[in-house]
Amino acid sequence: MATRMLKRTCLSNDVCEQLKRHHIESCKDLLSLTPLEVMHVACLSYQKAIELLQSVSKAVAPPVTTALELCKKQACFSTSLPTLDKLLRGGLPCGTITEVTGPSGCGKTQICLMLSVLATMPKSEGGLDSGVIYIDTESAFSAVRLVEIAQSRFPDYFNCRERILNMAGRVLLCRDLTCQDVLNRLDTLEEDIISSGAGLIILDSVASVVRKEFDTTLPGNLMHRSDLLGHKASTLKYLAHQFNLPVVLTNQITTHLGGHGSEDAGFVTAALGNTWSHSVNTRLILQYVDSHQRQILIAKSPVAPFAVLNYTIEKQGICLDGDDSQETLYEGTDPGLQSIRVQTGFTYNLTQPM
Amino acid sequence: MQISSCSLSPAVKSRLTAAGFHFLSELRGLSPSHICAETGVSQQEALQVLQAVRGGASGGGASVGGASGGGGASVGPPPSLTALQLLQEEQSQRSIFSFCSQLDATLGGGLPVGKTTEICGAPGTGKTQLCLQLVVDVQVPVCFGGLGGQVVVVDTEGSFLLQRVQDIAGAVVKHCSLLVEDDEQRVAMTTFSVETILSNIFLVRCHDYVELLAELHLLPDFLSEHPRVRLLVIDSVAFPFRLHFDELSQRTRLLNGLAQQLIAMATSHNVAVVITNQMTTRLRGGQSQLVPALGESWGHAPTIRLLLQWAGTQRLATIFKSPGHPGATVQYQITSDGFRDADQSEQPPSKRPRTHTVQSATGQRDSNQSSAGQRDSNQSAAGQRDSNQSAAGQRDSNQSAAGQRDSNQSAAGQRDSNQSAAGQRECS
């Protein structure tokens, strides 16, 4: 809306011509000026300049709704994990960005695959009955695993080949391996969303592309990186709100070095820094407990309290342990600095009993 | 209009005519002392003459009206107030309480109406939660000590989740229903429900700064149409302004204009303006610290600045700029019901030892990103005045590298002075 041309607003031709002489052609150009500058370039009195600004504002400003109206169309995307859904008030909120972060091999991609399956399922089964846009920057997507999760998680629904093919056909995979590719993809994503009827956007992972392309020790790179990330975040937020769909991102982890003579050697936390942490609405952290057992932490959420849920990764994807009512709240801390437990040693169970 | 026909004392008239003034229009534009010098009347009399001139003009016609070009703006400067009038006005103003009694107490009863307040904080410290709490609190009926107002929320981040508003609203409604004592309150409760709370929240979702600027141009009219609006929330002002800006000077200019508009709206429509700001990492050599985003000059815009932060597992709210309140740090927590006091089982904040727990906790997470900033402000809990000093230091510094160094130095200095303050207290 910001790039809307002044010509297409309700302004008279004379005013448009006058402004064009000063290279002011879009609403963005005009609204970036102060009233005094508008008086000058448009040759108008103060009163008229204010009127001009207001009429242009009317063309650009988003509509005002009351919360009650919005309440009626508020939707959630169920994660099919009852305890997590309960904590998040029904699931991942539509129109916002959810980040899943954790050490490698902890199940981030598994969650993404599982959510992809869910989104394609009909509404009666708790899905969204829509397509999925899966932007894969790590080439970690596995169609075989997708089908496996679908079949073992919902054996009743995916009992015939047709439904599985239908499901797989609705997951639109974009392999973008460089930062610029991802940005270009995001800029044109709107068309893809409409054409594929997508109800879920997954970006796996946001961290890998920026982290391999930007050496943060070089001066200026860090600034450039956070600019790119900010651009990504705002595009995704725009899409999420415009189409009222949930966006899921995955993030990596980084080691924070302890300085200033503290005895703690450092700890592992979510990557990409503080500014990025502002951009995500919900942050879920995955971490290891032992080689088999893992945990989901709700580290930042506008609706949910801090909570820990235990899970394991099975054939059917993520499985929460314990019964539905069991949830452990923990004393929260800064989600940007929440330390994450990683795998410390490898244990081999060669004699696997049946 | 002739001087002889206006309502002045005969002595003054004769002096004026003796000095050569015959028409009131001749006196226009002269200063009182000029008239004194030319005619020999006293200063009081000169003032009366001028008032008569202006009175005659406004009754007489439009000759002044066209001069400054803008219809109603020609009346001259707005009437000035004495501090006494302002005192009465401010005392009759109610504040928006936050349900966190410690925070309310340090703010002198809550968030003042007619002022702009900024809430800064790292991600996940509860900025949005505090906003949501205020959004509900401002609607508490007058007979319960609230404002019974409406709210405009400008959401740029998409964090305004209605499920959470419903939670908080439910808790507040329940709280009020337990307080009902007389008939008036009983009547008020019949209309005070979660549903009405939601219907009194006007929501605008802005995606970029142009939409935000456009919305701000329209808000004065909207506020005039909805005179019950008592709170304007912008969550957050930082997100749209941290992107897409090649030159910082333009951003600074736009932000200054925005601040002006917000202040004008706050005073003319009598609303409390609450804006949230993000934190940014400022690097200098190997050192880094967390500071509020949008640069130093933005720091002038809000009247009150509130910093929310983590100290280990405690949440702390620090007032670090306010004309009317000493800097202070209080503890709070966020429960399922909303923004509340920290558990009473813990020690009251004034008695809190200069905690080894806090320091060791922050020491552990002493890291590239947070360290210096956090620790400094934690310690400023001890030296209240020092935090003001640091605010002053920040204000002086500008966006240049030199400025940064200044503020860093002042932060460092602050740390020292705080430590000594803390040491003194431990000794005593």
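The shown structure was predicted, so the numbers you read here are calculated from the model rather than taken from an experiment.

Rules and cut-offs
Residues numbered from 1 in each chain as written. Chains lettered and ligands numbered in written order. Predicted model: local features only at pLDDT ≥ 70, side-chain atom pairs only at ≥ 80, totals over all residues. Heavy atoms only, no water. Helix = DSSP H or I, 4+ residues; strand = E, 2+ residues; numbered from the N terminus. Buried < 20%, exposed > 50% of the residue type's maximum accessible area, 1.4 Å probe, protein only. Contact = heavy atoms within 4.5 Å. Areas by Shrake-Rupley, 256 points an atom, 1.4 Å probe, with all protein chains shown as cover. Axes fitted to C-alpha atoms, helices over the stretch in contact; angles between N-to-C directions. Left-handed = near helix turned anticlockwise from the far one by under 90°. Parallel < 35°, antiparallel > 145°, perpendicular 65-115°, else oblique. Nonpolar A, V, L, I, M, F, W, Y, C, P; charged D, E, K, R; others polar. Core = buried A, V, L, I, M, F, W, Y, C linked by side-chain atoms within 4.5 Å. Phe/Tyr/Trp six-rings, centres within 6.5 Å; stacked < 30°, edge-to-face > 60°.

A few points about the overall build of chain A
Thought 1: Each helix and strand counted, chain A has 13 helices and 15 strands in total.
Thought 2: Looking at chain A as a whole, 53% of its 354 residues qualify as buried.
Thought 3: Put simply, 63% of the contacts in chain A that link residues at least 6 apart link residues at least 24 apart.
Thought 4: Carbon together with sulfur atoms contributes 52% to the accessible area of chain A, which is approximately 16100 Å² in total.

Brief notes about the packing of helix H7 (residues 108-120) of chain A against helix H8 (residues 143-153) of chain A
All names here are of chain A.
Thought 1: For the pair H7 and H8, interaxial distance at closest approach is 9 Å and the crossing angle is 65°. For the pair H7 and H8, the sense of crossing is right-handed. Facing Gln110, Leu113, Met114, Ser116 and Val117 of H7, the residues of H8 in contact are Arg145, Leu146, Ile149, Ala150 and Arg153.

Structural notes on the packing of helix H6 (residues 127-137) of chain B against helix H7 (residues 162-179) of chain B
All names here are of chain B.
Thought 1: Contact geometry of H6 with H7 gives a least axis separation of 9 Å together with a crossing angle of 50°. Relative to H7, the element H6 lies oblique. The interaxial crossing formed by H6 with H7 has right-handed handedness. Between H6 and H7, the contacting residues are Gln129, Leu132, Gln133, Val136 and Asp137 on the first element and Arg164, Val165, Ile168, Ala169 and Val172 on the second.
Thought 2: Residues belonging to the contact of H6 with H7 are distributed by class as follows: six nonpolar, two polar and two charged.

Description of the nonpolar core
Thought 1: Judged by nonpolar contacts, the single largest core of 53 residues is most densely connected at Leu6(A), Leu30(A), Val152(B), Phe241(B), Leu258(B), Leu262(B) and Trp298(B).
Thought 2: If one sorts the elements of this core by residue count, helix H10 (residues 209-225) of chain B sits on top with 10 residues.
Thought 3: Beyond its immediate stretch of four places on either side in the chain, Leu6(A) contacts Leu11(A), Cys16(A), Leu19(A), Ile24(A), Glu25(A), Ser26(A), Cys27(A), Leu30(A) and Val56(A).
Thought 4: Ranked by size, the runner-up nonpolar core spans 49 residues in total, among them Val172(B), Leu231(B), Val233(B) and Val330(B).

Overview of the side chain of Thr117(B)
All names here are of chain B.
Thought 1: Looking at where Thr117 falls in the secondary structure, it is placed in strand E3 (residues 116-121).
Thought 2: Looking at Thr117, the relative accessible area reads 1%, which means it is buried.
Thought 3: If sequence neighbours within four positions are ignored, Thr117 has contacts with Leu111, Val273, Val274, Ile275, Pro302 and Ile304.

Describing the packing of aromatic side chains
Residues and elements named next belong to chain B.
Thought 1: This structure, assessed with the given rule, holds seven aromatic pairs over all chains.
Thought 2: Both rings, one in Tyr332 and one in Phe339, keep their centres 4.6 Å apart while their planes meet at 20°; by these two values the pair is stacked.
Thought 3: Judged by its relative accessible area of 2%, Tyr332 is buried.
Thought 4: What makes Phe339 buried here is its relative accessible area of 0%.

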